[in-house]
Each structure stands twice: as C-alpha cells, then as structure tokens.
Amino acid sequence: MANVRLESMKKAYGTIEILRNIDLTIDHGEFVVFVGPSGSGKSRLLRMIGGLEPISGGRLFIDNELVNDIDAADRNLGMVFQSYALYPHMTVRENLAFPLRMAKASKAEIAAKIAK
Ligand SMILES: Nc1ncnc2c1ncn2[C@@H]1O[C@H](COP(=O)(O)OP(=O)(O)O)[C@@H](O)[C@H]1O
Ligand SMILES: [Mg+2]
C-alpha cells in the first residue's frame, strides 16, 4: 500500500506565493493528473512531492510518514522527467552505458546492450 497526502502545501519565492493551501489525498492505485495553464504551478507541486524543491509551508505525507525534510533519494519515488536529461560531457554511447555501469553490469553486457 502507498498513499500520498498534501496538507495546506505552499510554495513561495520570497514574498510571492505561487501555490497556496493545496490539500489532496491520493490513495493506493489512484491515477491522478494535474491539469492547468502554463505557469499555474504543476511542476512546482510535482517537484515538492518528489523532493527536488523545498516545501514552503504545509505538510507532505507518503505512507502516512511526514516527508517534508526527507531527501528525494529517500522518498522511494520514481520519476520521469518532462525533458530527458543527457550528460553533456559524455558521448551518446557513454550516456547509454552510464545507468548500466551504475547497476554494475559487466563491460561485455554493456557493450552488447548498447550495440542493439
Ligand atoms: N525560481 C523561481 N522563482 C520565482 N518564480 C518561479 C520560479 N520557478 C517558477 N516560478 C513561478 O512559479 C509559477 C509556477 O511555475 P511552474 O510550476 O513551473 O508552472 P507549470 O509547471 O504549471 O507550467 C510560474 O508562474 C513561475 O513564474
Ligand atoms: Mg511545468
């Protein structure tokens, strides 16, 4: 089971509030989509849930645990980014090999997968 709960979540940059008092409960297995015009705060909300941006106010719970101050890597969430990020200092081949290397694949395995 996994659930996500937002209580009065806020995002502000200095004195400018861009998200105010967002309350939302997402139950296990629910499919939720944020829809709104460009600049309405969809990405800031997702980034706060993912732990990529500090939460300015309110509380965020994942599995009923308060995670406001938990690092992104420790929230046990998966993410797919809107723009795919490639490492600019690596070649295309090195970019493809990198996640395989991190997963401790052998050199032969990496070479075989990249050649496909
Ligand atoms: N670093 C920042 N400083 C000040 N305002 C920002 C910053 N990042 C985003 N904003 C403002 O926050 C609002 C919401 O942005 P965003 O979440 O990216 O919108 P969306 O994803 O819905 O297009 C926008 O109006 C944007 O101008
Ligand atoms: Mg966006």
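Description of the structure in this document. It should be emphasised that the depicted structure is a prediction, and the values quoted were computed from it without experimental measurement.

### As for the environment of Asn95
- Mapping Asn95 onto the fold places it in helix H2 (residues 92–102).
- Take Asn95: its relative accessible area is 13%, and that puts it in the buried class.
- Residues Asn95 and Ala85, spaced 10 residues apart in sequence, show a C-alpha to C-alpha distance of 9.7 Å.
- When neighbours within four sequence positions are excluded, Asn95 is seen to be in contact with Leu86, Tyr87 and Met90.
- Within the local environment of Asn95, its side chain forms a polar contact with the backbone oxygen of Met90, the two atoms lying 3.4 Å apart.

### Let's talk about helix H1 (residues 42–50)
- All buried positions along H1 are accounted for by Leu45, Met48, Ile49 and Gly50.
- Where the residues of H1 are buried, they touch strand S1 (4–13), strand S2 (16–26) and strand S3 (57–62).
- Gly51 sits one or two residues past H1 and shows a positive phi near 90°.

### Looking at the nonpolar core
- Of all hydrophobic cores here, the largest spans 12 residues; its members are Val4, Leu6, Met9, Leu19, Ile26, Leu45, Met48, Ile49, Ile55, Leu60, Ile62 and Val67.
- Broken down by secondary-structure element, the contributors of at least two residues to this core are S1, S2, H1 and S3.
- The contacts of Leu45, once residues within four sequence positions are left out, are Leu6, Met9, Leu19, Ile22 and Phe34.

### Some words on the site of ligand 1
- Looking at ligand 1, the residues that line it are Tyr13, Ile18, Pro37, Ser38, Gly39, Ser40, Gly41, Lys42, Ser43 and Arg44.
- Contact distances for ligand 1 include 3.5 Å between a nitrogen atom and a side-chain N or O atom of Tyr13.
- About the coverage of ligand 1: the protein hides 60% of its 570 Å² of free accessible area.
- Per-element tally for the shell around ligand 1: the top contributor is H1, with 3 residues.

The rules behind the values
Counting restarts for each chain, with residues numbered from 1 along the sequence as it is written. Chain letters and ligand numbers both follow the written order, the letters beginning at A and the numbers at 1. With the structure being a predicted model, the display of local features is reserved for residues of pLDDT at least 70 and the display and counting of side-chain atom pairs for 80 or more, all residues being used for whole-chain, interface and lining totals. Computation of side-chain values: all heavy atoms of the structure, hydrogens and water removed. Helical segments are the DSSP runs of H or I of at least four residues, strand segments are the runs of E of at least two, and each set is numbered from the N terminus. To sort residues, take the accessible area from a 1.4 Å probe on protein chains only and compare it with the maximum for the residue type: under 20% means buried, over 50% means exposed, and anything in between is partly exposed. Contacts are assigned to residue pairs that have any heavy atoms within 4.5 Å of one another. Polar contacts, as counted here, are pairs of nitrogen or oxygen atoms within 3.5 Å of one another; within protein the pair requires one atom able to donate a hydrogen and one able to accept it, and residues that are adjacent in sequence qualify only if both atoms are side-chain atoms. Each nonpolar core is a collection of buried residues, namely Ala, Val, Leu, Ile, Met, Phe, Trp, Tyr and Cys, held together in the definition by side-chain atoms within 4.5 Å. The criterion for a residue being near a molecule or strand is simple. One of its heavy atoms has to lie within 4 Å of it. Per-residue accessibility takes into account occlusion by the displayed protein chains alone, with areas from the Shrake-Rupley method and a 1.4 Å probe.

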